[in-house]
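Summary of the model geometry
Each chain, written out:
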Amino acid sequence: QVQFVESGGGLVQPGGSLRLSCAASGSIFRINAMYWYRQAPGKQRELVATITGGGNTNYADSVKGRFTISRDNAKNTVYLQMNSLKPEDTAVYSCNADLVSTEFRRYTDIWGPGTQVTVSS
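Values in this document were obtained by computation on a predicted structure and should not be read as measured data.

**Comments concerning the pairing of strand β3 (residues 18-26)**
Judged from the six bridges that link them, strand β1 (residues 2-7) and β3 form a sheet pairing that is antiparallel. Bridge pairing in β3 places Val-2 opposite Gly-26. With six bridges connecting them, β3 and strand β8 (residues 77-82) associate as antiparallel partners. Bridge pairing links Arg-19 to Gln-81 in β8.

Laid out in structure tokens, this is it:
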């Protein structure tokens, strides 16, 4: 069984920074792309950032230049460095991945509980 656990959220003032982590554990053979999503109250889940197995990255326009996604393949962990935070970045942040288990089953629908990020003065 595979699971994700996010950490690093919290309350920060506008202009501040946070670094989120998401560790995948369980029977993992390979992780391909990894993703960070967020969902604000009353809004749909939004894809924030993507990092492929080869390290290529892509970002939502709303976070370009402020957020940086990275990964540590040895630790099956993905990170999201968030700088110059704005109140509109307030949301629950969750990670997701396209991965293959040791049973060679592909999973794209595993989610962690998420971590709350609140940007407020």
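**Considerations on the pattern of salt bridges**
By the definition in use, this model includes five salt bridges. Put simply, Arg-66 and Asp-89 hold a salt bridge, and the shortest N to O gap is 2.7 Å. Placement of the pair is Arg-66 in the loop between β6 (57-59) and β7 (67-72) and Asp-89 in the loop between β8 and β9 (91-101), with a sequence separation of 23 residues. For Arg-66, a relative accessible area of 10% corresponds to the buried category. A residue is classified by how much of its surface remains accessible, and Asp-89, at 0% relative accessible area, is buried. Members of the salt-bridge network, linked through shared partners, are Arg-38, Glu-46, Arg-66 and Asp-89.

**Thoughts on unusual backbone geometry**
Positive phi values are uncommon outside glycine, yet Asn-76 reaches one of about 50°. Tracing the sequence through the fold places Asn-76 in the loop between β7 and β8. A residue is classified by how much of its surface remains accessible, and Asn-76, at 24% relative accessible area, is partly exposed. The phi dihedral of Phe-104 falls on the positive side, at around 60°, and the residue is not glycine. Within the element layout of this structure, Phe-104 appears in the loop between β9 and β10 (106-107). Classification of Phe-104 by relative accessible area gives exposed; the value is 60%.

Criteria and thresholds
- Residues numbered from 1 in each chain as written.
- Predicted model: local features only at pLDDT ≥ 70, side-chain atom pairs only at ≥ 80, totals over all residues.
- Heavy atoms only, no water.
- Pairing = 2+ DSSP bridges.
- Helix = DSSP H or I, 4+ residues; strand = E, 2+ residues; numbered from the N terminus.
- Salt bridge = Lys/Arg side-chain N within 4 Å of Asp/Glu carboxyl O.
- Buried < 20%, exposed > 50% of the residue type's maximum accessible area, 1.4 Å probe, protein only.

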